[in-house]
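As a plain string of letters, each chain reads:
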Amino acid sequence: MTAGMRRHWFPKAYADLVAKLRVPAGFLMVAAFAAFSYPTGASMALGIPVSLGGLALRAWAAGHLAKDQRLAVSGPYAFTRNPLYLGTLITALGLAIAGHSVGLAFLFLVLFGVVYLPAIELEEQHLNEILPGYAEFAARVPLLLPKWTSDLGADSFSSVLYRKNREYQAFMGWLVGVVWLIVKCLWRYDT
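Draft legend 1. Seen up close, the environment of arginine 140. You can see arginine 140 is positioned in helix α6 (residues 134-140). Between the C-alpha atoms of arginine 140 and arginine 81, which are 59 residues apart in sequence, the distance is 9.5 Å. Apart from residues no more than four positions distant in its own chain, arginine 140 is found in contact with Val73 and Lys147.

Draft legend 2. Quick look at unusual backbone geometry. Phi at histidine 100 takes a positive value of approximately 60 degrees, unusual for a residue other than glycine. Locating histidine 100 in the fold gives a position in the loop between α4 (83-98) and α5 (102-130). Residue classification places histidine 100 among the partly exposed residues on the basis of a relative accessible area of 49%.

Draft legend 3. Molecular detail of the pattern of salt bridges. Throughout the structure, instances matching the rule amount to 5 salt bridges. Residue lysine 12 pairs with aspartate 16 through a salt bridge whose shortest N-O separation is 3.1 Å. With a gap of 4 residues between them, lysine 12 and aspartate 16 both fall in helix α1 (residues 12-19), about one helical turn apart. Exposure remark for aspartate 16: the relative accessible area of 29% places this residue in the partly exposed category. Arginine 70 is the partner of aspartate 155 in a salt bridge, and the nearest nitrogen-oxygen pair spans 3.3 Å. Remark: arginine 70 occurs in the loop between α3 (41-62) and α4 and aspartate 155 occurs in the loop between α6 and α7 (159-164); sequence separation between them is 85 residues.

Draft legend 4. Focus on the packing of aromatic side chains. Enumeration according to the criterion identifies 10 aromatic pairs in this entry. With a centroid separation of 5.1 Å and an interplanar angle of 25 degrees, the aromatic rings of phenylalanine 79 and tryptophan 148 are classed as stacked. Separated by 69 residues along the polypeptide, phenylalanine 79 in the loop between α3 and α4 and tryptophan 148 in the loop between α6 and α7 bring together distant segments of the chain. Taken together, Tyr85, Phe108, Phe112 and Tyr116 form an aromatic cluster joined through their ring pairs. Above the plane of the ring of tyrosine 38 lies lysine 184, whose end atom (NZ or CZ) is 5.4 Å from the centre.

Cut-off values and rules
Residues numbered from 1 in each chain as written. Predicted model: local features only at pLDDT ≥ 70, side-chain atom pairs only at ≥ 80, totals over all residues. Heavy atoms only, no water. Helix = DSSP H or I, 4+ residues; strand = E, 2+ residues; numbered from the N terminus. Contact = heavy atoms within 4.5 Å. Buried < 20%, exposed > 50% of the residue type's maximum accessible area, 1.4 Å probe, protein only. Salt bridge = Lys/Arg side-chain N within 4 Å of Asp/Glu carboxyl O. Phe/Tyr/Trp six-rings, centres within 6.5 Å; stacked < 30°, edge-to-face > 60°. Lys NZ or Arg CZ within 6 Å of the ring centre and 35° of its normal.

This is the structure in structure tokens:
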């Protein structure tokens, strides 16, 4: 492994276990979001654009990602090796802001640290094994927090990849969350 890829942040058995918990953890977050969001007009005005920015990052990344076929180095992958995860983090934090809940933001950050970071580590190991040049890419591009570069790579966004990666599902989930916040905000002020 190169300097860009660290080994063993988490014990492999733990990382394997929590990788299987990503979907149930997502359902936990949805339930917590539904129960513990207390949106206001101001919180939604601030949080919805933040969450939309995270969703846009995810969409941009999905349009550059040919999973397990070729190394994605263009678009947002020029800035960070994990733009989908970063987009998820930004989207969730934006929805927590929109939901006017520090507790939700804290819960998601904890969940991200104990579930998603180990999953990222497993994916890194997998990609290093199957994609030539991944170790060099990892040495050059940061794991999560972006580093600015003017070179976005030669590949352009592909709507075919966007659809193949089913990123529209993230948009639909986001839309349901925003509608829930609007309904909850209106209901809160009606009672």
